[in-house]
Amino acid sequence: MDPSVSTGENTGSNENNSQESESESESNNNRSDALGKALSTMLANVIKDFDSKAQDTLNSQDKLNSAIDRLTRELDQLLEDAPLPFIMQHAAKISGVRKRVSSLNSVLKSIQHRVDNIDRLLSVGMLQGKTTMDSSSQH
């Protein structure tokens, strides 16, 4: 067999392998992009749902806090009118509940701020990742 003939066949074969490799690489990039977009969309929906529920919880806590404040004022008025030991005992209980609700509300607000910060960091990371992916796919 002539060596130049076999070399020619190998060169053609190498070109085909190179084209197939590039095609597979592009296909993998497209799959990765599609998977990334799907995950990003799913996470965005989960975060929006969580934010909505967290906001509803904060609103509910604010309403509860307002109602407890109103009841405390009414109870204080009752105490001024008739300072009975029974009423004073319940006033102390309501005051304790008010303090616990206020503390819980503070913790929930702190958690909401942390979640907002995480959401912001993820958004920035996704934008940077998308920019990096876009610039690498253009090359």
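Since this is a predicted model, take the numbers as computed values, not measurements. Along each chain, residue indices are assigned from 1 in the same order as the chain's sequence is written. Selection of residues for local features in this predicted model requires a pLDDT of at least 70, selection of side-chain atom pairs for listing and counting requires 80 or more, and totals for whole chains, interfaces and linings are taken over all residues. Computation of side-chain values: all heavy atoms of the structure, hydrogens and water removed.

**Student:** Explain the overall build of the protein here, please?
**Tutor:** The helix and strand inventory of the protein stands at two helices and zero strands. Note on classification: 1.4 Å probe, protein chains only; a residue is buried when its accessible area is under 20% of the maximum for its type, exposed when over 50%, partly exposed between these limits. For the protein, the proportion of its 139 residues judged to be buried stands at 11%. Two residues qualify as a contact provided that any one of their heavy atoms is within 4.5 Å of a heavy atom in the partner residue. Across the protein, contacts joining residues at least 24 apart in sequence account for 79% of those joining residues at least 6 apart. Accessibility throughout is a Shrake-Rupley quantity obtained with a 1.4 Å probe, and a residue counts as covered only by protein chains that appear here. Roughly 10900 Å² of accessible area belongs to the protein as shown, and the carbon and sulfur atoms make up 56% of that amount. Per the convention used, a helix needs a DSSP run of H or I reaching at least four residues, while a strand needs a run of E reaching at least two, with both numbered from the N terminus.

**Student:** What am I meant to see in the environment of A91 here?
**Tutor:** With respect to the secondary-structure elements, A91 resides in helix α2 (residues 85-138). A relative accessible area of 13% places A91 in the buried class. In sequence terms A91 and L71 are 20 residues apart; their C-alpha atoms lie 9.5 Å from each other. Other than its neighbours up to four places away in sequence, A91 contacts L75 and L79.

**Student:** What is the right way to look at the UniProt feature "coiled-coil region" (unreviewed entry) in the protein in this model?
**Tutor:** Look at the UniProt record and you will see "coiled-coil region" (unreviewed entry) annotated at residues 54-81. Here residues 54-81 is 100% helix and 0% strand, with 40 Å between the C-alpha atoms at its ends. UniProt positions are given in the numbering used here, feature names are shortened, and annotations may be inferred rather than shown by experiment.

**Student:** Looking at this structure, how should I read the pattern of salt bridges?
**Tutor:** Between side chains of opposite charge, pairing is possible as soon as their charged atoms come close. Whenever Lys or Arg places a side-chain nitrogen within 4 Å of a carboxyl oxygen from Asp or Glu, that contact is recorded as a salt bridge. Here the structure, examined in full by the defined rule, presents four salt bridges. Residue K109 pairs with D62 through a salt bridge whose shortest N-O separation is 3.8 Å. One end of the pair, K109, is in helix α2; the other, D62, is in helix α1 (residues 3-81), with 47 residues separating them in the sequence. Residue classification places K109 among the partly exposed residues on the basis of a relative accessible area of 37%. The class of D62 is partly exposed, set by a relative accessible area of 33%.

**Student:** Which parts of the structure should I look at to understand the side chain of N65?
**Tutor:** One can find N65 in helix α1. Looking at N65, the relative accessible area reads 18%, which means it is buried.

**Student:** Got a minute to help me understand the confidence of the model for the protein in this structure?
**Tutor:** Low-pLDDT stretches of the model should not have their predicted coordinates read in fine detail. pLDDT is a residue-level measure of predictor confidence that goes from 0 to 100. Of the residues in the protein, 75% reach a pLDDT of 70 or more, and the chain-wide mean stands at 78. Low confidence marks residues 1-9, where pLDDT is under 50. Its contacts with residues over four positions away, or in another chain, come to zero contacts.

**Student:** Just to check I follow, could you spell out the side chain of N105 for this structure?
**Tutor:** Checked against the element boundaries, N105 lands in helix α2. Among the residues examined, N105 registers a relative accessible area of 4% and is labelled buried. Residues contacting N105, with those up to four places away along its chain left out, are L58, Q61, D62 and N65.

**Student:** Honestly, a nonpolar patch on the surface in this entry has me stumped. Any pointers?
**Tutor:** For patches, a residue must show more than 30% relative accessible area and have no salt bridge; joins then use 9 Å for like charges and 5 Å for nonpolar side chains, namely Val, Leu, Ile, Met, Phe, Trp and Tyr. A surface patch of nonpolar side chains, about 710 Å² in accessible area, is lined by L35, L39, M42, L43, V46, I118, L122 and M126. When contributions to the nonpolar patch are tallied by element, the ones reaching two or more residues are α1 and α2. Top contributing element to the nonpolar patch by residue count: α1, with five residues. Looking at the secondary structure, you find L35 in helix α1.

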